[in-house]
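Analysis of the macromolecular model
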There are 2 protein chains.
Amino acid sequence: MMNIAVAQSGGPTCAINASLVGVFRESLKVSDIDAIFGSVNGIEGIINNHLVDLKSMILSNNDMELLRQTPSTVLGSCRYKLPDWKDDEAVYQKIVENLRQRNIGAFFYIGGNDSMDTVNKLSEYFRTIDFDVKVIGIPKTIDNDLCITDHTPGFGSAAKYVATTMHEITRDSIVYSIPSVTIVEIMGRHAGWLTASSAVLHAMGETAPHLIYVPEVKFSLENFLSDVRQEMSKHKAVIVAVSEGIEVPEGVQSGVVDNFGHKYLSGIGKYLEEIVRNEIGCKVRSIELNVMQRCSAHISSRTDIDEAEAIGAAGVRLAIKGETGKVMVFKRKHDMPYTIVIESADASCIANQEKLLPSEYINSNGNNIRSFALDYFMPLIQGDLSLIKENGIPKHFAIHESVLK
Amino acid sequence: MMNIAVAQSGGPTCAINASLVGVFRESLKVSDIDAIFGSVNGIEGIINNHLVDLKSMILSNNDMELLRQTPSTVLGSCRYKLPDWKDDEAVYQKIVENLRQRNIGAFFYIGGNDSMDTVNKLSEYFRTIDFDVKVIGIPKTIDNDLCITDHTPGFGSAAKYVATTMHEITRDSIVYSIPSVTIVEIMGRHAGWLTASSAVLHAMGETAPHLIYVPEVKFSLENFLSDVRQEMSKHKAVIVAVSEGIEVPEGVQSGVVDNFGHKYLSGIGKYLEEIVRNEIGCKVRSIELNVMQRCSAHISSRTDIDEAEAIGAAGVRLAIKGETGKVMVFKRKHDMPYTIVIESADASCIANQEKLLPSEYINSNGNNIRSFALDYFMPLIQGDLSLIKENGIPKHFAIHESVLK
């Protein structure tokens, strides 16, 4: 008999709790697994010995359904960067001590490419000291920028939110008789996947978004203004989708850098709004989709949530087979009918890597997405959850804040 | 036999097209009504003789269902302020000429308190010149600030969006181990109804929003900072709901004034974010719910949409009875079981008036909403539409932009 631990890390998505359900539900089926510990605030919970007994918290299938429809990370999150063990072994020794004390035989880390760095470092250290704890990474990120996997859990729900909301913003934008420009700022530090997904509106017969700017294309203010002017000659209300990560002149981004060396970005939409107001002089507004694009679980993609649970469960099966240092990945077999299989890859191949939008998805002007790319996005946004409601709004599963302190 | 005309005005909501369906569907039942004209861009369409034949556009029950789930104003909108007829009769003469030419016997104007000003002025002018065209106002506004009526169509869907999204933002905010403040800016120039509706989360057992600031209470930066500090001593993640319309020091609001004398507001959330960062120094972010709170039809309240259709239909019945210069209103009979009836009021009593949040809804500290007020909000956010989808996202009814030009 052994126990296991699971943790959630990085920026919230709508699918991280579904992957937790996947790990939990699959572990219940394994007779060798006894306690299922949740680590509070990602790997920090293991380091600080702050673990909770999930079996005493997730009590029923109904609780699991609630978790599947609850956005963000029910166990909290962190952005802790594990040092190289050769530089600072103390923290690794603490982890080993705490895992050993709890008789934990496998650790599942749900997170983005930073978390996969943790999976890689931990599993390598455990191999080095011959400590038999399996470490498996379960991918998640709305940015969809993980290598090897076809897509990441969390991305489909975010893309569905972006497409649905862009559709609604389009309706909102065309009501007045005067020409206007609406700039919608979408998350994505370096990869334009989520911004590009707004192009699924084109399959609805919409001309919007008329312009789509992703970080993969070098941004030029001159070209931008000329693009906007050209679209204004064709459409009364021009809708622009722009990634937060496009390169604009220095000083626009706040420039604060997080523990992983990421810059906090904000204000690109507002910045372009000012440019359009000053240079073109028309009615213009900017809209930041903000955290809603990563936490709007009321409009999750069922495909995404089901897959997020399935890939968590597959992680447990892989650990039981004795593998470690692996990250679970999706392989797409067909777009239509949409078919995927779950495989695994070495964490070392995924950690700290970014997968950018393929250049062939982007049109020759660098300001929109080619229609064939919609075959990639479309299957990921399909289906709805049957939401459990209370007082007219979706109910959430939440652990009391005193437990998470 | 006569024809009728219908127009939509003011800021978009999720329910304006449902009221259009109400007018349309009810008119189909009246044997005396022949053509049903849609006026493009509110009253401007009547002035400029830009009318479309709705029977040739709304072809089926399916089209009406699509309209019910389509946000914003399918016929466009305007913010045109009708002058006093004694100052400028020419525009009134143009309206009369165009209505007469099309044999229009009744005009239905779906809009907010500005539009009810138009209803009032037009009906008075028509009476003065003895021109027999009935003018009926159908209320709408997410601000819920119309007098006499218990609430306005569009408010319930906006309130449901705000509550659902605040719930999700709450989940998003509590993931990190460090203390944080999240400030959510909600629409409402002078009335705090929509901001106050975020308190329905308290009925879900949430402590968030921990602080709610509405324009009805004089805002003090000192009190705000002391409130935030106090809540931070109790909660790791403090969630603040703030109306865009609270009074802050001069220079924060852009100060641009629209045709009706309204100031365009923006940036209050951002402003308070900076204040908290500088004065308290903790992790802080601000989120503007922006136009999503008025156009997120994917999460409309079914109660709201059904009522919006019903009140449009009731307007037609009133005009057929020979009344004019009236605005349709809801009277609430019970909170539980929720029961309303539709009546009418003189447009002169509603035009240019604002109904503010009752002071008894606000707690004695002026920084939250009392729990008994939830009985008012709760029935308005109940129920969902069975959405018609295409490619995984809700389908919209749209008139080609060339028709609306």
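Now for a quick tour of the structure. (Residues numbered from 1 in each chain as written. Chains lettered and ligands numbered in written order. Predicted model: local features only at pLDDT ≥ 70, side-chain atom pairs only at ≥ 80, totals over all residues. Heavy atoms only, no water.)

Further remarks concern helix 5 (residues 113–128) of chain A. The terminal C-alpha atoms of helix 5 of chain A lie 23 Å apart, and with 16 residues this matches the ideal 22 Å at 1.5 Å per residue to within 8%. Looking at the residues trailing helix 5 of chain A, positive phi occurs at Asp130(A), about 60 degrees. (Helix = DSSP H or I, 4+ residues; strand = E, 2+ residues; numbered from the N terminus. Expected span 1.5 Å × (residues − 1).)

Residue and element names in this part refer to chain A. Taken together, the 7 strands give an open sheet; going across it, the order is 3-2-1-4-5-10-11, and neighbouring strands pair in mixed fashion. Single-partner strands in this sheet number two, and they are strand 3 (51–53) and strand 11 (338–346). Taken over all neighbouring pairs, the strand axes of this sheet differ in orientation by 30 degrees on average, direction set aside. Summarising the sheet, strand 1 (residues 2–8) and strand 4 (residues 104–111) pair through 6 bridges and their orientation is parallel. (Pairing = 2+ DSSP bridges. Axes fitted to C-alpha atoms, helices over the stretch in contact; angles between N-to-C directions.)

Counting residues at the interface gives 64 residues for chain A, matched by 64 residues for chain B. Interface area for chain A against chain B, summed over the two sides, is near 5000 Å², with a carbon-plus-sulfur share of 54%. The interface formed by chain A and chain B includes 4 salt bridges. Here Lys389(A) makes a salt bridge to Asp384(B), at a shortest N to O gap of 2.8 Å. Counting the contacts that link chain A with chain B gives 29 residue pairs in polar contact (both at pLDDT 80 or more). When residues of the side of chain A that touches chain B are traced back to their parent elements, those giving at least two are helix 6 (155–173), strand 9 (283–288), helix 10 (292–295), strand 12 (389–390), strand 13 (393–394) and helix 14 (401–404) of chain A. (Contact = heavy atoms within 4.5 Å. Buried area = accessible area lost by both parts, 1.4 Å probe. Salt bridge = Lys/Arg side-chain N within 4 Å of Asp/Glu carboxyl O. Polar contact = N/O pair within 3.5 Å; in protein donor to acceptor, adjacent residues only side chain to side chain.)

All names here are of chain B. Here we have 4 strands laid out as an open sheet, ordered 7-8-6-9, and parallel in their pairing. The sheet is open, and its two edges are formed by strand 7 (211–213) and strand 9 (283–288), each paired on a single side. On average, each strand axis in the sheet is inclined to that of its neighbour by 15 degrees, with strand direction left out of account. In the packing of helix 8 (residues 221–232) onto the sheet, contacts are made with strand 6 (180–186), strand 7 and strand 8 (237–243), and the angle to strand 7 comes to roughly 160 degrees. Running at roughly 160 degrees to strand 6, helix 9 (residues 268–279) makes contact with strand 6, strand 8 and strand 9 of the sheet.

Residue and element names in this part refer to chain A. At a closest axis distance of 11 Å, the pairing of helix 8 (residues 221–232) and helix 9 (residues 268–279) adopts a crossing angle of 65 degrees. Here the hand of the crossing between helix 8 and helix 9 comes out right-handed. Between helix 8, through Leu221, Phe224, Leu225 and Arg229, and helix 9, the contact on the second element is made entirely by Tyr271, Leu272, Ile275, Val276 and Glu279. (Left-handed = near helix turned anticlockwise from the far one by under 90°.)

To continue, consider the relation of the copies chain A and chain B. Rotating chain A by 180 degrees about the axis while translating it 0.0 Å along that axis superimposes it on chain B, leaving an RMSD of 0.0 Å. Here the copies are linked by what is in effect a two-fold axis. A shared interface surface links the copies, since 100% of the contact residues of chain A are contact residues in chain B too. (Least-squares fit on C-alpha atoms with pLDDT ≥ 70 in both.)

With that out of the way, let us pick up the pattern of salt bridges. Taken as a whole and judged by the stated rule, the model has 51 salt bridges over all chains. Lys395(A) is the salt-bridge partner of Glu390(A), the closest N and O atoms lying 3.9 Å from each other. Taking the shortest distance from any N to any O, the salt bridge between Lys218(B) and Glu247(B) comes out at 3.8 Å. Residue Lys218(B) is located in the loop between strand 7 and helix 8, and its partner Glu247(B) is located in the loop between strand 8 and helix 9; the two are separated by 29 residues in the primary sequence. As far as the burial class goes, Lys218(B) and Glu247(B) line up, both exposed. (Buried < 20%, exposed > 50% of the residue type's maximum accessible area, 1.4 Å probe, protein only.)

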